[in-house]
Amino acid sequence: DAGITQSPRHKVTETGTPVTLRCHQTENHRYMYWYRQDPGHGLRLIHYSYGVKDTDKGEVSDGYSVSRSKTEDFLLTLESATSSQTSVYFCATLTGPFGETQYFGPGTRLLVL
Amino acid sequence: AQSVAQPEDQVNVAEGNPLTVKCTYSVSGNPYLFWYVQYPNRGLQFLLKYITGDNLVKGSYGFEAEFNKSQTSFHLKKPSALVSDSALYFCAVGASGTYKSIFGTGTRLKVLA
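Residues numbered from 1 in each chain as written. Chains lettered and ligands numbered in written order. Predicted model: local features only at pLDDT ≥ 70, side-chain atom pairs only at ≥ 80, totals over all residues. Heavy atoms only, no water.

Draft legend 1. Molecular detail of the overall build of chain A. Assigned secondary structure in chain A consists of zero helices and eleven strands. Ordering the α and β elements of chain A from the N terminus gives β-β-β-β-β-β-β-β-β-β-β. Compactness check: chain A gives a C-alpha radius of gyration of 13 Å against a globular reference of 13 Å for 113 residues, within 12% of the reference. When its C-alpha atoms are laid out on the principal axes, chain A stretches across 40 × 30 × 25 Å. Counting only residues that meet the buried cut, chain A has 48% of its 113 residues in that class. Sequence separation of 24 or more characterises 53% of the internal contacts of chain A that already satisfy a separation of 6 or more. (Helix = DSSP H or I, 4+ residues; strand = E, 2+ residues; numbered from the N terminus. Rg over C-alpha atoms; globule rule 2.2 N^0.38 Å. Buried < 20%, exposed > 50% of the residue type's maximum accessible area, 1.4 Å probe, protein only. Contact = heavy atoms within 4.5 Å.)

Draft legend 2. Spotlight on the interface of chain B and chain A. Between chain B and chain A, the contact holds 19 residues from the first and 24 residues from the second. Where chain B abuts chain A, roughly 1800 Å² becomes buried across the two surfaces, and 57% of that area is made up of carbon and sulfur atoms. Here chain B is connected to chain A by zero salt bridges. At the junction of chain B with chain A, the criterion picks out five residue pairs in polar contact (both at pLDDT 80 or more). (Buried area = accessible area lost by both parts, 1.4 Å probe. Salt bridge = Lys/Arg side-chain N within 4 Å of Asp/Glu carboxyl O. Polar contact = N/O pair within 3.5 Å; in protein donor to acceptor, adjacent residues only side chain to side chain.)

Draft legend 3. Representation of a nonpolar patch on the surface within the structure. All names here are of chain A. Together, Val12, Leu111 and Leu113 give the surface a local cluster of nonpolar side chains, amounting to about 280 Å² of exposed area. Relative to the helices and strands, Leu111 is located in strand 11 (residues 108-112). Of the residues examined, Leu111 reaches a relative accessible area of 36% and is grouped as partly exposed. (Patch = residues over 30% accessible without salt bridge, like charges linked within 9 Å, V, L, I, M, F, W, Y side chains within 5 Å. Areas by Shrake-Rupley, 256 points an atom, 1.4 Å probe, with all protein chains shown as cover.)

Draft legend 4. Region of interest: the state of the cysteines. Throughout the structure, instances matching the rule amount to two disulfides over all chains. Cys23(A) shares a disulfide with Cys91(A); S-S distance 1.9 Å. An S-S torsion of about -70 degrees defines the bridge between Cys23(A) and Cys91(A) as left-handed. You can see Cys23(A) sitting in strand 3 (residues 19-25) and its partner Cys91(A) sitting in strand 9 (residues 87-95), a full 68 residues away along the chain. You'll find Cys23(A) and Cys91(A) in the same group, each marked buried. Covalent S-S linkage joins Cys23(B) and Cys91(B), the inter-sulfur distance amounting to 1.9 Å. On the sign convention where negative is left-handed, the bridge of Cys23(B) and Cys91(B), at about -60 degrees about the S-S bond, is left-handed. With Cys23(B) in the loop between strand 3 (19-21) and strand 4 (24-26) and Cys91(B) in strand 10 (residues 87-95), this pair connects stretches of sequence that are 68 residues apart. Side by side, Cys23(B) and Cys91(B) carry an identical accessibility label, which is buried. (Disulfide = S-S within 2.5 Å.)

Draft legend 5. Just the pairing of strand 3 of chain A, in detail. All names here are of chain A. Residues of strand 3 alternate between two faces, with Val19, Leu21, Cys23 and Gln25 buried on one and Thr20, Arg22 and His24 left unburied on the opposite face. Here strand 1 (residues 4-7) pairs with strand 3 via four bridges, running antiparallel. Within strand 3, the residue paired with Ser7 across the bridge is Arg22. Sheet analysis places strand 3 next to strand 8 (residues 73-78), joined by six bridges and oriented antiparallel. (Pairing = 2+ DSSP bridges.)

Draft legend 6. Seen up close, the environment of Phe98(A). Its location among the elements puts Phe98(A) in the loop between strand 9 and strand 10 (101-104). Through-space distance from the C-alpha of Phe98(A) to that of Asn28(A) is 16 Å; in sequence the pair is 70 residues apart. Leave out the neighbours within four places in its chain, and Phe98(A) touches Tyr32(B) and Ile51(B).

Structure below.
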């Protein structure tokens, strides 16, 4: 998994509670990404970061925020979890000679009751 | 705008037969094209990519893909399928300078013994 870890790996929470997922990388990659995976939708980009404190929205960013205070850590926060945010969340980094290939973490399975 | 389509939700093939998983794309400019594989309860693993050069790209586990510019396709192929190839396969498209990829909805490959 190219030096990417995610924590927690599984989480069950209740509607309305805040949740933070962590992605940690050891390869000093500049770009980091958060995706969610849902049946029938494939992977959809939530937010991404192109450097410390530099982030931007993806296609499904509503209800999510991110922070990146260090190169190696990218945090995804659900401010007030909803059942529609039940999903599998993947972190990824970008590498390759053209900065083109993504490598993924193992995923976090989140269930919002 | 970039988009990618995987027209088949599932592909079934007998072990030992050739397999094809289809992908078509739309992108402005020259595309970066990728295939990823996901085994159960795992993150996505990079299989192969086309950036430039030879239209036939070879990747991990005996897979290959052919870039066809006129048909805007990047189908994944393998001459002889194995039961262990059964997994979820994702096609993705990116472009130079975008640092983001758009993923298809995935195709589940089932190889029958």
